[in-house]
Structures are given as C-alpha cells and as structure tokens.
Amino acid sequence: MQAARSAIYSDKFVTIAGQPLTASIVTMSVLGAIVMYIMSLLSLMRLRRREPQLERPFRAPLYPLFPMTALVIAVVSLIAIVYYNAQVAGIFAALGLVGAVVTRLRTRLGSGVESDAMLRRPE
C-alpha cells in the first residue's frame with residue numbers, strides 16, 4: 001500500500017518532457033499498443049499473401065479494405081503521438097532497442113529457447 005501511495009505522490013515531483021510521470025507512462029503504453037496493432041495488421045496482410053491456402057480461424061471483414069484503412073489510421077496516430085511527444089517516444093524507442101539487444105544476446109547465449117518447440121525455426 002505504501003508503494004502505491006508513493007507512486008501517486010511522486011507524480012508531482014517526477015516529470016518527463018513537461019508532463020507528469022503517469023502521463024508519460026500512459027503515452028508509452030499507447031505507443032506500445034499502436035506499434036503492436038500495426039505489426040498485427042502487417043502480419044495479417046503478409047500471411048494472407050504468402051500463405052493463401054491456410055485455414056483461417058477468423059474472418060477479416062472486407063479484407064483488404066478494412067485492414068488497410070485501420071493500418072493507415074494507426075500509422076497516422078503513431079506519427080501524431082511521436083510528433084507531439086518526441087521525448088517520450090525517444091525513451092520508448094530506446095527501451096525497445098535495449099529489449100531487442102538483450103533478447104538477441106540471450107538467444108545467442110542459449111537461454112533455453114531451443115527447448116521451446118514454438119520458438120524453433122522451421123527446418
């Protein structure tokens with residue numbers, strides 16, 4: 001309970017790019033959600049193009065019109081968030097890069113990834 005209270009009160013003292021800490025965390029969360037949404041839409045389009053014969057567990061209404069429209073809106077939203085929150089977006093990108101490097105190193109050093117059948121490359 002004390003940690004939650006401390007976090008709430010620290011919002012007055014910790015700012016990033018002139019906005020409270022909570023606002024910066026929410027902005028980073030939205031950036032993450034939009035990036036994942038864009039990646040999902042791109043994956044949908046690529047998979048439908050490369051593997052048209054696969055059985056689909058769901059339908060994409062009015063494919064490719066709706067997914068393309070959603071992709072354009074998501075990219076515009078991402079550009080707007082980055083434009084108006086450049087410093088927070090920079091922190092988000094830096095943290096993402098650190099995560100990618102750590103993941104790459106752990107994979108190369110062998111952290112049990114090869115034992116997971118879902119993560120093995122197809123032969």
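We now turn to the structure provided with this report. On a predicted model such as this, the values are computed, not experimentally measured, just so you know.

## Focus on the overall build of the protein chain
Here is step 1: Counting secondary structure elements, the protein chain contains four helices and two strands.
Here is step 2: Counting helices and strands in the order they occur from the N terminus, the protein chain gives α-β-β-α-α-α.
Here is step 3: Here the protein chain holds 123 residues, and the buried ones make up 17% of them.
Here is step 4: The contacts in the protein chain between residues at least 6 apart in sequence include a share of 59% that link residues at least 24 apart.

## Quick word on the environment of Ala93
Here is step 1: Mapped onto the fold, Ala93 is located in helix α4 (residues 86-109).
Here is step 2: In this structure the C-alpha to C-alpha distance between Ala93 and Met28, which are 65 residues apart in sequence, comes to 9.5 Å.

## Observations regarding the packing of helix α2 (residues 21-50) against helix α3 (residues 65-84)
Here is step 1: At their nearest, the axes of α2 and α3 sit 10 Å apart, and the two run at 150 degrees to each other. The angle between α2 and α3 falls in the class roughly antiparallel. Every pair of crossing elements has a handedness; the one defined by α2 and α3 is left-handed. Of α3, the residues touching α2 (which contributes Thr27, Val30, Leu31, Ile34, Val35, Tyr37, Ile38, Leu41, Leu42, Leu44 and Met45) are Pro67, Met68, Ala70, Leu71, Ala74, Val75, Ser77, Leu78, Ile81 and Val82.
Here is step 2: Looking at side-chain class alone, the contact of α2 with α3 contains 19 nonpolar, two polar and no charged residues.

## A look at the environment of Val75
Here is step 1: Assignment of secondary structure puts Val75 in helix α3.
Here is step 2: Taking the C-alpha atoms as reference points, Val75 and Ile34, separated by 41 residues in sequence, lie 8.1 Å from one another.

## So, unusual backbone geometry
Here is step 1: With an omega dihedral of 0 degrees, the bond running from Tyr63 to Pro64 counts as a cis peptide bond.
Here is step 2: Structurally, Pro64 is set in the loop between α2 and α3.
Here is step 3: Phi at Ala17 takes a positive value of approximately 55 degrees, unusual for a residue other than glycine.
Here is step 4: Residue position: Ala17 is located in the loop between β1 (15-16) and β2 (19-20).

## Describing α3
Here is step 1: Helix length check: α3, at 20 residues, gives a terminal C-alpha distance of 29 Å against a target of 28 Å (1.5 Å per residue), a fit within 8%.
Here is step 2: Of all the positions in α3, only Pro67, Ala70, Leu71, Ala74 and Ile81 are classed as buried. Axial view of α3: buried residues confined to an arc of 105 degrees, hence all on one face. Among the exposed residues of α3, those pointing more than 90 degrees away from its buried face are Leu65, Val72, Ile73, Val76, Ile79, Tyr83 and Tyr84.
Here is step 3: In this structure, the buried residues of α3 make contact with α2.

Here is what the cut-offs are and how they apply
- Residues numbered from 1 in each chain as written.
- Predicted model: local features only at pLDDT ≥ 70, side-chain atom pairs only at ≥ 80, totals over all residues.
- Heavy atoms only, no water.
- Helix = DSSP H or I, 4+ residues; strand = E, 2+ residues; numbered from the N terminus.
- Buried < 20%, exposed > 50% of the residue type's maximum accessible area, 1.4 Å probe, protein only.
- Contact = heavy atoms within 4.5 Å.
- Axes fitted to C-alpha atoms, helices over the stretch in contact; angles between N-to-C directions.
- Parallel < 35°, antiparallel > 145°, perpendicular 65-115°, else oblique.
- Left-handed = near helix turned anticlockwise from the far one by under 90°.
- Nonpolar A, V, L, I, M, F, W, Y, C, P; charged D, E, K, R; others polar.
- Expected span 1.5 Å × (residues − 1).
- Arc of directions from axis to C-beta.

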